[in-house]
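Secondary and tertiary structure notes
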Amino acid sequence: MQTLNGKLVNQEQGQIDLIKQQTEGIIQRCKNLESQFTAINQQKDTTYLQEINAVKIYINKLEKRLNFLERNILNQAKQLLYLKIGVAIGLVGLWFWLGMNNQPANHEIKPKKYVESIQLDMHSV
């Protein structure tokens with residue numbers, strides 16, 4: 001094929017038909033590549049969406065577990081607080097009880113006076 005001033009010059013009709021067929025083949029291959037590219041992108045999009053859904057489900061499960069653990073920790077903290085309060089009350093009560101039982105009752109019993117009696121022996125005088 002010849003060119004004249006950058007334009008294709010062709011004298012034969014067969015060459016024009018050949019060029020048209022080649023152009024149509026190139027266009028068809030481009031369309032095929034575009035459709036394959038679109039299919040691949042759609043497949044990637046669906047895979048991506050499936051992965052996102054799987055991650056969302058996993059996060060929901062983790063949130064449920066976290067809520068369960070928070071409730072358990074809160075209950076245990078309350079129980080520990082009640083236990084501490086009970087122990088403190090028990091220790092104070094025990095301290096008072098032991099303090100009351102060990103005190104001598106001075107006001108009830110009068111002190112005893114010890115008197116020594118001296119006996120004189122008349123024989124020695």
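Owing to the predicted nature of the structure, the values given are computational and were not obtained by experimental measurement. Each chain carries its own residue numbering, running from 1 in the direction its sequence is written. Per-residue local features of the predicted model are confined to residues with pLDDT of at least 70, and side-chain atom pairs are confined, for both listing and counting, to 80 or more; whole-chain, interface and lining totals are unaffected and use all residues. Note: side-chain values were computed over all heavy atoms of the structure, leaving out hydrogens and water.

1. Section: the overall build of the protein
Strands here mean DSSP runs of E at least two residues long; helices mean DSSP runs of H or I at least four residues long; both are numbered from the N terminus. The helix and strand tally for the protein stands at one helix and two strands. Listed by position from the N terminus, the elements making up the protein come as β-β-α. In this scheme, a residue with accessible area under 20% of its type's maximum is buried, one over 50% is exposed, and one in between is partly exposed, where area comes from a 1.4 Å probe on protein chains only. Taking all 125 residues of the protein together, the buried fraction comes to 1%. When the accessible surface of the protein is split by element, carbon and sulfur atoms take 60% of a total near 12,900 Å². Computed with the Shrake-Rupley method and a 1.4 Å probe, the accessible areas treat only the protein chains shown as cover for residues.

2. With respect to the packing of aromatic side chains
Stacked, tilted and edge-to-face are the three classes applied to pairs of Phe, Tyr and Trp rings, where Trp contributes its six-membered ring and a pair requires centres within 6.5 Å; stacked means planes under 30 degrees apart, edge-to-face means over 60, and tilted covers the rest. The final tally for this structure, using the stated rule, is one aromatic pair. Aromatic side chains tryptophan 95 and phenylalanine 96 sit 5.1 Å apart centroid to centroid with 55° between the ring planes, which places their arrangement in the tilted category. With a relative accessible area of 49%, phenylalanine 96 lands in the partly exposed category.

3. Let's talk about the confidence of the model for the protein
pLDDT expresses how confident the predictor is about each individual residue, on a scale running from 0 to 100. On average, residues of the protein carry a pLDDT of 83, and 72% of them reach 70 or more. Ranking the elements of the protein by mean pLDDT puts strand S1 (residues 2-4) last, at 67, and helix H1 (residues 13-102) first, at 91.

4. Concerning a nonpolar patch on the surface
Surface patches are defined over residues having more than 30% relative accessible area and no salt bridge, joining like charges when they lie within 9 Å and nonpolar side chains (Val, Leu, Ile, Met, Phe, Trp, Tyr) when within 5 Å. A side-chain nitrogen of Lys or Arg and a carboxyl oxygen of Asp or Glu constitute a salt bridge if their distance falls within 4 Å. A cluster of nonpolar side chains, contributed by Leu80, Leu83, Val87, Leu91, Leu94, Trp97 and Leu98, occupies part of the molecular surface with about 700 Å² of accessible area. Structurally, leucine 83 is set in helix H1.

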